[in-house]
Amino acid sequence: MKTVIVTGGAGFIGSNFIFHMMKAHPDYRIVCIDKLTYAGNLSTLRSVMDQENFRFVRMDICDREGVDKLFAEEKPDIVVNFAAESHVDRSIENPGVFLQTNVIGTATLMDASRKYGVARYHQVSTDEVYGDLPLDRPDLFFTEETPIHTSSPYSASKAGADLLVMAYHRTYGLPVTISRCSNNYGPYHFPEKLIPLMIANCLNDKPLPVYGKGLNVRDWLYVEDHCKAIDLILHRGRVGEVYNIGGHNEMRNIDIVKLICRELGKPESLITYVADRKGHDMRYAIDPSKIHGELGWLPETKFEDGIRKTIQWYLENRSWWEEIISGEYQNYYARMYGNR
Ligand code: NAD
Ligand code: TDX
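Because the structure is predicted, anything quoted here is derived from the model rather than measured.

Here we take up the site of ligand 1. Ligand 1 sits among 28 residues. The nearest are Ile13, Asp34, Ser86, Tyr154 and Lys158. Contact with the protein chains removes 97% of the 840 Å² of surface that ligand 1 exposes when unbound. At the level of elements, α1 (12-24), β5 (120-126) and α6 (153-172) are the ones that each hand at least two residues to the shell around ligand 1. Per-element accounting of the shell around ligand 1 gives the leading share, three residues, to β5. Grouping the amino acids of the shell around ligand 1 by side-chain chemistry returns 13 nonpolar, 11 polar and four charged.

Below you can see the structure in the form of structure tokens.
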């Protein structure tokens, strides 16, 4: 039996990854570490909480003593680090906590991984470390060789972590892998991010705040496809390597918002153009040929199916997101969108 520590498992992608792993590898023990920040939600993990091969530990990945003790106890074979501050707009408001969790937290986990000899440390990174691409060069894509060139405090903190991961590999021989994925969507996505925010606002007949002209392009991937890619990298990926993950599914923000309106039968007059995000990246686009060629990975869910499944999930799980938007989220929303 292998023991896998999954950090940030009460968040969007981490929870979907736990569900995937428990189904795909029922013989593994999964230990989830999560600080339960505003973005972490224990109710998300309800379906696995009582399973024998699952353990939840509320802990900050920057808590050196706590992390060390847990690694001594669990002796993990694999560590997968999803824990992060993940929202670009919040990083523009308050960069400090991004440096703390995303950089210092990563170092803390890697120190424990070295000390207790984990067989694999996997860092969940992002395509945002490559910066952005111009709209008028649709022939350009991010490859693993694209230089790191960040725009926001969020992406700079993720890039800092990636550099540290590669340094631990070269200096200490830590067996690492890094994945850099494009924008995910799917169930349990926190409603401050574009797709779930637009679904929630549509359902409440509230204005749909589109930044700038809505022409920025993102490369959307269904969350399950991301989780499957990480599983493959853990088992068959080469140590010391970076793998880009994305499905050639580029869309303009405005087209996504209009599609959500159509699917929910709401008028486009809800769309409100608001002040642009500072330093807003224009276009992300992943070249996934390395992970396809080496590991045979391909996305399985087409966007038109994935977005319908996602909308259906938000319709069927209203209490999950309504609980979130009824609390502290109101203050956040007023701060972010009040004078925009
Ligand atoms: P999320 O914000 O939904 O979840 C983050 C989780 O980490 C939360 O449960 C939170 O409580 C936990 N956390 C935060 N700080 C912590 C700390 N100090 N100690 C322990 N736990 C802490 O994020 P997400 O969208 O699921 O993203 C997960 C990872 O994937 C992140 O590393 C992010 O950079 C990366 N990523 C996300 C996307 C995307 O589209 N969402 C795309 C590419 C990469
Ligand atoms: O209200 C909004 N209006 C709007 O026009 C919000 C929240 C976003 N947007 C735009 C900004 C972006 O161009 O939509 C696009 C997507 O925004 P986000 O959902 O905030 O995602 P993004 O900034 O692209 O970053 C995401 O993908 C990469 C994740 O949040 C990161 O964690 C991941 O690394």
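This part is about the environment of Leu234. On the secondary structure map, Leu234 appears in helix α8 (residues 223-236). Taking the C-alpha atoms as reference points, Leu234 and Ser152, separated by 82 residues in sequence, lie 29 Å from one another.

Near ligand 2 there are 22 residues, and of these Glu128, Tyr154, Arg277, His280 and Tyr337 occur at the shortest range. In the environment of ligand 2, an oxygen atom lies 2.8 Å from a nitrogen or oxygen atom belonging to the backbone of Tyr211. Taken by itself ligand 2 offers 660 Å² of open surface, and the protein chains cover 94% of this. Elements with a minimum of two residues in the shell around ligand 2: α7 (194-203) and β8 (208-211).

Turning our attention to the sheet that holds strand β11 (residues 242-245). Reading across from one edge, β3-β2-β1-β4-β5-β6-β11 is the order of the seven strands in this open sheet, with parallel pairing throughout. In this open sheet, the two strands that pair with only one neighbour each are β3 (54-58) and β11. Adjacent strand axes in the sheet meet at a mean angle of 20 degrees, parallel and antiparallel pairs treated alike. Relative to β3, strand β2 (residues 29-34) runs parallel, the two sharing five bridges. Residue pairing for β3: Asp34 is matched across the bridge by Arg58. Against the sheet, α1 touches β1 (3-7), β2, β3 and β4 (78-81), its axis set at about 170 degrees to β2. Sitting on the sheet, helix α5 (residues 96-115) touches β1, β4 and β5, and the angle it makes with β5 is about 165 degrees.

About the cut-offs
- Residues numbered from 1 in each chain as written.
- Chains lettered and ligands numbered in written order.
- Predicted model: local features only at pLDDT ≥ 70, side-chain atom pairs only at ≥ 80, totals over all residues.
- Heavy atoms only, no water.
- Near = heavy atom within 4 Å.
- Areas by Shrake-Rupley, 256 points an atom, 1.4 Å probe, with all protein chains shown as cover.
- Helix = DSSP H or I, 4+ residues; strand = E, 2+ residues; numbered from the N terminus.
- Nonpolar A, V, L, I, M, F, W, Y, C, P; charged D, E, K, R; others polar.
- Polar contact = N/O pair within 3.5 Å; in protein donor to acceptor, adjacent residues only side chain to side chain.
- Pairing = 2+ DSSP bridges.
- Axes fitted to C-alpha atoms, helices over the stretch in contact; angles between N-to-C directions.
- Contact = heavy atoms within 4.5 Å.

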